[in-house]
Amino acid sequence: MFNRLIEWKKLRGVLTFAAYMIFAMFIQSLLFSRVSIFGYRGFILPAAAVAAGIYSDGVRGAVFGLILGLFADMSFSESVVTFTVLFPIIGFVAGVASMFYINKSFFAFITFSAAAILLTALVQMLLAVIVSGAEILPALITALAQTAVSLIPAALLYLPFRHK
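Residues numbered from 1 in each chain as written. Predicted model: local features only at pLDDT ≥ 70, side-chain atom pairs only at ≥ 80, totals over all residues. Heavy atoms only, no water.

Student: Go over the overall build of the protein chain, please, and point to the residues and values.
Tutor: The secondary structure content of the protein chain amounts to 8 helices and 2 strands. When the elements of the protein chain are put in sequence order from the N terminus, they spell out α-α-β-β-α-α-α-α-α-α. Since a compact globule built from 164 residues should have a radius of gyration of about 15 Å, the 16 Å found for the protein chain is in line with a globular shape. Referenced to the eigenvectors of the C-alpha coordinate spread, the extents of the protein chain come out at roughly 60 × 30 × 25 Å. Within the span of the protein chain, comprising 164 residues, buried residues form 41% of the whole. The long-range fraction of contacts in the protein chain, counting pairs at least 24 apart against all pairs at least 6 apart in sequence, stands at 71%. For the protein chain, the accessible surface area stands at approximately 9,500 Å², while carbon and sulfur atoms represent 73% of it. (Helix = DSSP H or I, 4+ residues; strand = E, 2+ residues; numbered from the N terminus. Rg over C-alpha atoms; globule rule 2.2 N^0.38 Å. Buried < 20%, exposed > 50% of the residue type's maximum accessible area, 1.4 Å probe, protein only. Contact = heavy atoms within 4.5 Å. Areas by Shrake-Rupley, 256 points an atom, 1.4 Å probe, with all protein chains shown as cover.)

Written out as structure tokens, the structure is:
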């Protein structure tokens, strides 16, 4: 009777995505928030939304991105709803692209991750320019450097998502 109430395959998928989210948040908050390369810190959470979208589908990528964005906004005091709005879009677009336009290779993952990290950095840059009055050129250099620094650590998310 209990087996009729629960769909074990879906429950296993939800628990797997929860473990991936904990893994990504753990790596981001404990490792990349403390390690800097040339003064820039890596940011791999957009790559996690990309991985969820590419290796599942657009809807699951959007749901994963929404929950990941909520937790990211709660853990970073600088953003209010930035990640909650941005990560579902990234996960959905990556999922739709993997369903119709791209393959699920490492190259496609890294390319989409670079675009997602750059988009996130540019949105953060625009918010800093508009709200705080930061200068555009130093903020743009920071966005590009953060993207470059984040690509190598983002590759850590490829294998766990690929082999789910």
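Student: Please provide a residue-by-residue account of the packing of helix 6 (residues 106-132) against helix 7 (residues 136-154), values included.
Tutor: Interaxial distance between helix 6 and helix 7 falls to 9 Å at its minimum, and their mutual angle equals 150 degrees. If you check the angle between helix 6 and helix 7, you find them roughly antiparallel. In terms of crossing hand, the pair formed by helix 6 and helix 7 is right-handed. On the side of helix 6, the interface is formed by F109, I110, A114, I117, L118, A121, L122, Q124, M125 and V129, while helix 7 contributes I136, A139, L140, A143, L144, Q146, T147, S150, L151 and A154. Split by residue class, the contact of helix 6 with helix 7 holds 16 nonpolar, 4 polar and no charged. (Axes fitted to C-alpha atoms, helices over the stretch in contact; angles between N-to-C directions. Parallel < 35°, antiparallel > 145°, perpendicular 65-115°, else oblique. Left-handed = near helix turned anticlockwise from the far one by under 90°. Nonpolar A, V, L, I, M, F, W, Y, C, P; charged D, E, K, R; others polar.)

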